[in-house]
Amino acid sequence: MTKFDVAIIGGGIAGLMAAAYQARAGLRVVLLERELGIALHATGKNAASFSLHFGSSEVCSLAEQSLTILNRPFWSEGPGYVSFEGKIFLSRKGQELAFIKTIERTKSKGKPLEIIPSSEAEERLKPLGLKKKAGDAYAFDSEHGFIDIVRLIKDLKLYLGQKGVAIRSGSRVVGITQEAEGWKVVTENGQVIDSRAVINAAGAWADEIATLAGEPTLTIDNRARTAIWARIPSNQNLSGIPMVHEISDAFFARPFDGEWFLSPVDDRPCLAGREIPDQDAVKSSLQAMRQWFDHAPLDSVQITAGVRSFQPSRLPAVIASQQKPGLFTFSALGGYGIKIAPHCAESLTQLVSNYLEDA
């Protein structure tokens, strides 16, 4: 099959979510991913963290609207994907100013985070064996949750298959031209796709795709994020444990799919496809966590780097081109992608549907 209503370029969370919404609308959809599998970059290498006060007010509003969708998904009859175990911020003597600033800027329903006694922090983090010291301080964010990203991606892929979406991995796009009846998309491996509309959901490569289509770029700013996957000691039961976040951003950590996910809060610029783990940050993060806990993660199993893509405004791009009718952009979701993609994809689908009805 080479003729479609919509060709989506990019198989990250934006592309997958856009494909699900377009398919639900009854459109014939092809999803083109340059890698050999989908959901390999930022989508598969993040903490799947959910917060209603991380990011701008616009991002938080999008997250709140997406929460309803994530916990009542149309693409699955299973349970919702967000669970609220919370997050504990850790501060030691000498970090008082950073602790105060975090309390001031991070609010739950308009109220500052809850400062909790060491006994409560110790109980919530009991499996880790908290090492308490004089001058320690703790704050708890009850509205912080985790997204079950493993099950989310699995369910989306299953839904797309049931809806007949053509997922074509290893399909790097090398040409996009506007035709009288729509668009022609050409891939490096020789595929020629005819579609009525094209969605640029290429994330870190969004500017490259825009250039191929003759569209102004977004001036994407790509940022790497190191991710450390570490072994959990066999005697640890970490169900229900909050995320832990060291106040100076030396690490944030959480149990994830049978392992520890651990990361420094780095913010290094990078080129698309060139994200490289920060080995120094890996060492310092593991060392910092061992200074806080008796039962810190063991040696690392895998060290990777994801990439987060931003517009200069730090807002997501959900755009219908004015110069190129039928060309849409759904990208630059940054470090917020998974928690805002559902509502953004819903808005995008309305734009695409309106165009196809009028065309």
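Residues numbered from 1 in each chain as written. Predicted model: local features only at pLDDT ≥ 70, side-chain atom pairs only at ≥ 80, totals over all residues. Heavy atoms only, no water.

1. Re the overall build of the protein
A tally of regular secondary structure across the protein gives 8 helices and 22 strands. For the protein, the C-alpha atoms occupy an extent of roughly 70 × 35 × 35 Å along the three principal directions. Counting only residues that meet the buried cut, the protein has 54% of its 359 residues in that class. A separation of at least 24 residues holds for 73% of the contacts in the protein among residues at least 6 apart in sequence. For the protein, the exposed surface amounts to about 15800 Å²; the carbon and sulfur share of it is 50%. One way to put it: in the protein the 39 positive side-chain charges average out to a point 2 Å from where the 40 negative ones average out. (Helix = DSSP H or I, 4+ residues; strand = E, 2+ residues; numbered from the N terminus. Buried < 20%, exposed > 50% of the residue type's maximum accessible area, 1.4 Å probe, protein only. Contact = heavy atoms within 4.5 Å. Areas by Shrake-Rupley, 256 points an atom, 1.4 Å probe, with all protein chains shown as cover. Lys, Arg positive; Asp, Glu negative; His and termini not counted. Charge placed at Lys NZ, Arg CZ, Asp CG, Glu CD.)

2. A word on the packing of helix α1 (residues 13–24) against helix α5 (residues 149–162)
For the pair α1 and α5, the least separation of the axes is 10 Å and the interaxial angle reads 40 degrees. Judged on the interaxial angle alone, α5 and α1 are oblique. In terms of crossing hand, the pair formed by α1 and α5 is left-handed. Contacts from Ile-13, Leu-16, Met-17, Ala-19, Ala-20 and Arg-24 of α1 reach α5 at Leu-152, Ile-153, Leu-156, Tyr-159 and Leu-160. Within the contact of α1 with α5, the residues separate by chemical class into 10 nonpolar, no polar and 1 charged. (Axes fitted to C-alpha atoms, helices over the stretch in contact; angles between N-to-C directions. Parallel < 35°, antiparallel > 145°, perpendicular 65-115°, else oblique. Left-handed = near helix turned anticlockwise from the far one by under 90°. Nonpolar A, V, L, I, M, F, W, Y, C, P; charged D, E, K, R; others polar.)

3. As for the packing of α1 against helix α8 (residues 337–358)
Relative to each other, α1 and α8 sit at 40 degrees, their axes nearing to 8 Å. When the interaxial angle is binned, α1 and α8 end up oblique. Along this stretch, α1 crosses α8, giving a crossing that reads as right-handed. Contact with α1, carried on its side by Ile-13, Met-17, Ala-18, Tyr-21, Gln-22 and Arg-24, involves Gly-337, Ile-338, Ala-341, Pro-342, Ala-345, Glu-346, Leu-348, Thr-349 and Val-352 of α8 and no other residues of that element.

4. A look at the environment of Trp-260
Relative to the elements of secondary structure, Trp-260 occurs in strand β18 (residues 259–263). With 84 residues separating them in the primary sequence, Trp-260 and Cys-344 have C-alpha atoms 30 Å apart.

5. A closer look at the confidence of the model for the protein
In this model, the protein carries an average pLDDT of 90, and 97% of its residues clear a pLDDT of 70 or more. By mean pLDDT, the top-scoring element of the protein is strand β2 (residues 29–32) (98), and the lowest-scoring one is strand β6 (residues 107–108) (64). (pLDDT = per-residue confidence, 0-100.)

6. Description of the sheet that holds strand β4 (residues 82–83)
Read from one edge to the other, the open sheet built from 3 strands follows the order β3-β10-β4, with strand pairing classed as antiparallel. Two strands close off the open sheet at either side, each with one partner strand: β3 (49–50) and β4. Here β4 runs beside strand β10 (residues 145–147); their pairing, made up of 2 bridges, is antiparallel. Paired with Ser-83 across the two strands is Phe-146, which belongs to β10. (Pairing = 2+ DSSP bridges.)

7. Examining the side chain of Thr-187
Tracing the backbone through its elements, the reader meets Thr-187 in strand β13 (residues 182–187). In terms of polar contacts, Thr-187 uses its side chain to reach the side chain of Asn-189, at 2.3 Å. Those residues in contact with Thr-187 that lie beyond four places of it in its chain are Leu-32, Ser-171, Arg-172, Val-173 and Val-174. (Polar contact = N/O pair within 3.5 Å; in protein donor to acceptor, adjacent residues only side chain to side chain.)

8. So, the packing of aromatic side chains
The way to describe two aromatic rings as a pair is by their centre distance and the angle between their planes. Counted under the stated rule, the structure contains 10 aromatic pairs. On the numbers, 6.0 Å between centres and 90 degrees between planes, the contact of Phe-50 with Phe-84 is edge-to-face. One end of the pair, Phe-50, is in strand β3; the other, Phe-84, is in the loop between β4 and β5 (87–91), and 34 residues separate them in sequence. On the accessibility criterion, Phe-50 (0% relative accessible area) is buried. Given a relative accessible area of 37%, Phe-84 falls into the partly exposed group. Aromatic pair Tyr-138 and Trp-292: ring centres 6.4 Å apart, planes at 70 degrees, arrangement edge-to-face. Taken together, the residues Tyr-138 in strand β9 (residues 137–141) and Trp-292 in helix α7 (residues 279–292) connect sequence positions 154 residues apart. (Phe/Tyr/Trp six-rings, centres within 6.5 Å; stacked < 30°, edge-to-face > 60°.)

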